[in-house]
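Inside the fold
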Amino acid sequence: MAAAAAEAARVVAGAAGTTLDQKTPCPDWDLRTLLNHTILWTSYSAERRAHGESVAEELMSKDFTAEPGYVQAYQAQLGKAVQAWSNPEAWAGERSVMGNATPAADIGAMLIMEMVLHGWDIAQATGQDYRCDGAVAANVLQTVEAQGEMFRQYEGFAAVVPVPGDATAFDRALALSGRDPR
């Protein structure tokens, strides 16, 4: 999680100062919407989920990007989330997600996936390179393989994009989540 969070923090910082109404790989979201979604779920919600809690309701519609210093605030909150998930107890047992019992380890894996996929989306929208090491890519691929159909059902992922048989784990994860790695 720490490696995925560091890269998410880097690309969010790299997006600062860009036009927030520009298009992103997420068809219904401009950059402002994508940044706000990423900040909310990968830092504030991530920290709360480590403790078995939900994110505060008032944060659900907050425009984080409208605040001066939002990049630094995100980095600080992201650090709190990673710290919370560094406790082995955060990965144990089950948590309630939308009234369903979900293994805490699955929630942690989905948060990593969220950091990586939306980090890539932000990088694409802002002309940045995205770096994903092999261990993180393998983890995200495993999560996308396990959760992809559910995410497509709720329109969180688009249709699978074909990739060559020798595609990297990261490119396969992107493609299975409906993103075109090319």
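None of these values were measured; they are calculated from a predicted model. (Residues numbered from 1 in each chain as written. Predicted model: local features only at pLDDT ≥ 70, side-chain atom pairs only at ≥ 80, totals over all residues. Heavy atoms only, no water.)

Here's the deal with the pattern of salt bridges
- Under the defined criterion, the tally for this structure stands at eight salt bridges.
- Between Arg152 and Glu149 there is a salt bridge whose closest N-O contact spans 3.2 Å. Of this pair, Arg152 and Glu149 both sit in helix H5 (residues 134–153), three residues apart, which is roughly one turn of that helix.
- In this structure, a network of salt bridges that share partners links the residues Glu7, Arg10 and Arg131. (Salt bridge = Lys/Arg side-chain N within 4 Å of Asp/Glu carboxyl O. Helix = DSSP H or I, 4+ residues; strand = E, 2+ residues; numbered from the N terminus.)

Points about the nonpolar core
- Formed by 53 residues in total, the largest nonpolar core has its most connected members in Leu35, Trp85, Met113, Val116 and Val140.
- Elements represented by at least two residues in this core include exactly helix H1 (2–15), helix H2 (31–50), helix H3 (70–85), helix H4 (104–126), H5 and helix H6 (169–176).
- A per-element tally of this core places H4 first, with twelve residues.
- Ignoring sequence-local partners within four residues, the contact set of Leu35 consists of Val12, Ala15, Leu20, Thr65, Tyr70 and Ile122. (Core = buried A, V, L, I, M, F, W, Y, C linked by side-chain atoms within 4.5 Å. Buried < 20%, exposed > 50% of the residue type's maximum accessible area, 1.4 Å probe, protein only. Contact = heavy atoms within 4.5 Å.)

With respect to unusual backbone geometry
- Positive phi, close to 60 degrees, is recorded for Glu155, a residue that is not glycine.
- With respect to the helices and strands, the residue Glu155 is situated in the loop between H5 and H6.
- Given the relative accessible area of 71%, Glu155 is considered exposed.

Re the packing of H4 against H5
- Two elements in contact, H4 and H5, have axes whose closest approach is 9 Å; the angle formed by their N-to-C orientations is 105 degrees. Classified by the angle their axes make, H4 and H5 are roughly perpendicular. Across from Asp106, Ala109, Met110, Ile112, Met113, Val116 and Leu117 in H4, the residues of H5 making contact are Val136, Asn139, Val140, Thr143, Val144, Gln147, Met150 and Phe151.
- Here the residues of the contact of H4 with H5 are counted per class, giving eleven nonpolar, three polar and one charged. (Axes fitted to C-alpha atoms, helices over the stretch in contact; angles between N-to-C directions. Parallel < 35°, antiparallel > 145°, perpendicular 65-115°, else oblique. Nonpolar A, V, L, I, M, F, W, Y, C, P; charged D, E, K, R; others polar.)

Topic: the packing of aromatic side chains
- Per the stated rule, a full pass over the model turns up four aromatic pairs.
- A centroid spacing of 4.8 Å and a plane angle of 20 degrees characterise the contact between Phe151 and Phe157, whose relative ring orientation is stacked.
- Note on Phe151: relative accessible area 18%, which makes it buried. (Phe/Tyr/Trp six-rings, centres within 6.5 Å; stacked < 30°, edge-to-face > 60°.)

Quick look at H1
- Between its terminal C-alpha atoms H1 stretches 20 Å, which fits the 20 Å expected from 14 residues at 1.5 Å a residue.
- For H1, the full list of buried residues reads Ala4, Ala5, Glu7, Ala8, Ala9, Val11, Val12 and Ala15.
- Where H1 is buried, its residues touch H2, H3, H4 and H5.
- Positive backbone phi, at 90 degrees, marks Gly17, one or two positions downstream of H1. (Expected span 1.5 Å × (residues − 1).)

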